[in-house]
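So you can see what is in the structure, the chains are spelled out below.
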Amino acid sequence: MSRAVLSLGSNLGDRLAYLRLAVDGLAEMLLAASPVYETAAWGVTDQPDFLNAVIIVESGSVDEWGWLRRAQELEREAERRREQRWGPRTLDVDVVTVDDVRSDHPDLLLPHPGTPSRATVLIPWLAVDPTAELPGHGAVAGIVETLPAEDLAGVHRRDDLTLR
Ligand SMILES: Nc1ncnc2c1ncn2[C@@H]1O[C@H](COP(=O)(O)OP(=O)(O)OP(=O)(O)O)[C@@H](O)[C@H]1O
Ligand SMILES: Nc1nc2c(c(=O)[nH]1)N=C(CO)CN2
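Conventions adopted
Residue indices begin from 1 for each chain and proceed along its sequence in written order. Chain letters and ligand numbers both follow the written order, the letters beginning at A and the numbers at 1. Local features in a predicted model are, by the rule used here, given only for residues with pLDDT of at least 70; side-chain atom pairs are given and counted only at 80 or more, and totals for whole chains, interfaces and linings are based on all residues. In computing side-chain properties, one takes all heavy atoms of the structure into account and sets aside hydrogens as well as water. UniProt positions are given in the numbering used here, feature names are shortened, and annotations may be inferred rather than shown by experiment. In this text, near means that some heavy atom of the residue lies within 4 Å of the molecule or strand in question. In the analysis that follows, any N or O atom pair within 3.5 Å is treated as a polar contact, provided that within protein one partner can donate a hydrogen and the other can accept it, and provided that, for residues neighboring in sequence, both atoms belong to side chains. Surface exposure here means Shrake-Rupley accessible area, sampled with a 1.4 Å probe, where a residue is shielded only by the protein chains that are shown. Under the grouping applied here, Gly and all other residues not named as nonpolar or charged are polar, the nonpolar ones being Ala, Val, Leu, Ile, Met, Phe, Trp, Tyr, Cys and Pro and the charged ones Asp, Glu, Lys and Arg. Definition used in this section: a nonpolar core is a set of buried Ala, Val, Leu, Ile, Met, Phe, Trp, Tyr and Cys residues joined via side-chain atoms within 4.5 Å. Burial status follows relative accessibility: with a 1.4 Å probe on protein chains alone, a residue under 20% of its type maximum counts as buried, one over 50% as exposed, and anything between as partly exposed. The way it works is that DSSP assigns letters per residue, a run of H or I at least four long becomes a helix, a run of E at least two long becomes a strand, and they are numbered from the N terminus. In this analysis, two residues are considered to be in contact whenever any of their non-hydrogen atoms come within 4.5 Å of each other.

In the annotation of an unreviewed UniProt entry, the entry for the protein chain reads 2-amino-4-hydroxy-6-hydroxymethyldihydropteridine diphosphokinase, and the organism field reads Halopolyspora algeriensis. The annotation that UniProt attaches to the protein chain under Catalytic activity (unreviewed entry) is "6-hydroxymethyl-7,8-dihydropterin + ATP = (7,8-dihydropterin-6-yl)methyl diphosphate + AMP + H(+)".

Next up, the structure:
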């Protein structure tokens with residue numbers, strides 16, 4: 001049995017439909033889905049706003065590599081093109097954590113190394129699981145408190161949009 005936290009992001013085309021594609025594709029394994037957030041782009045800032053969300057999934061037959069494979073299959077279904085690093089995309093599915101698994105394999109870094117600094121992951125994650133812990137870093141609630149105010153200001157909950 002493994003439980004994974006996945007982050008979803010989209011900033012091209014019908015953004016909500018792409019997030020829903022991911023949720024629908026994992027429906028049988030879905031434990032919880034966060035609210036949807038409209039977020040200012042980080043990394044490459046000259047690109048459209050993203051929709052971001054976090055989902056929690058569980059399966060008796062999928063390990064961490066299986067979750068990565070599922071994530072990449074969903075990106076392919078969304079016809080994602082790999083062009084610019086941190087550039088616009090129809091769908092990004094990152095494996096944030098799988099239980100307490102640590103991995104330094106470059107194809108599957110766990111926990112995902114961007115997590116501690118990304119308000120676009122931590123805020124949805126905290127909303128769907130207020131007791132969440134990031135292995136090696138402690139409570140997500142505590143990490144969020146350390147983020148710069150400007151990062152928090154770029155993340156807006158969209159209660160008019162739902163994943164299910
Ligand atoms: N935890 C992880 N989740 C998803 N992909 C990962 C993870 N760790 C390593 N990777 C690898 O990252 C590579 C590039 O991923 P991708 O193009 O989605 O990066 P990105 O979304 O632009 O940037 P970032 O990974 O910083 O969010 C993939 O080949 C994948 O194998
Ligand atoms: N707001 C926001 N910005 C981003 C995001 C994202 O999911 N949300 N993903 C990126 C590449 O992984 C680059 N920049």
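This is not the end of the story, as more comes after the structure.
*Asks:* Go over the site of ligand 2 with me, naming the residues and quoting the values.
*Replies:* In the vicinity of ligand 2, the contacting residues are Thr39, Ala40, Ala41, Trp42, Phe50, Asn52, Trp86, Arg89, Asp92 and Thr120. Thr39 is positioned such that a nitrogen or oxygen atom in its side chain is 2.7 Å from a nitrogen atom of ligand 2. Considering ligand 2 on its own, with 340 Å² of exposed area, one finds that the protein chains cover 95% of that surface. Tallied by class, residues from the shell around ligand 2 come to five nonpolar, three polar and two charged.

*Asks:* Summarise the nonpolar core; cite the residues concerned and give the values.
*Replies:* The nonpolar side chains of a soluble globular protein tend to be buried, and buried together. With 29 residues, the main nonpolar core has Ile55, Val57, Trp67 and Val95 as its most contacted residues. Elements represented by at least two residues in this core include exactly strand 1 (2-10), helix 1 (15-25), strand 4 (50-59), helix 2 (64-77), strand 5 (92-98) and strand 7 (108-110). When residues no more than four places from it in sequence are discounted, the contact partners of Val95 are Val5, Leu6, Trp67, Leu68, Ala71, Leu108, Leu109, Leu110 and His112. In terms of nonpolar packing, the next biggest core, distinct from the first, is built from 19 residues, Val121, Trp125, Val128 and Leu147 among them.

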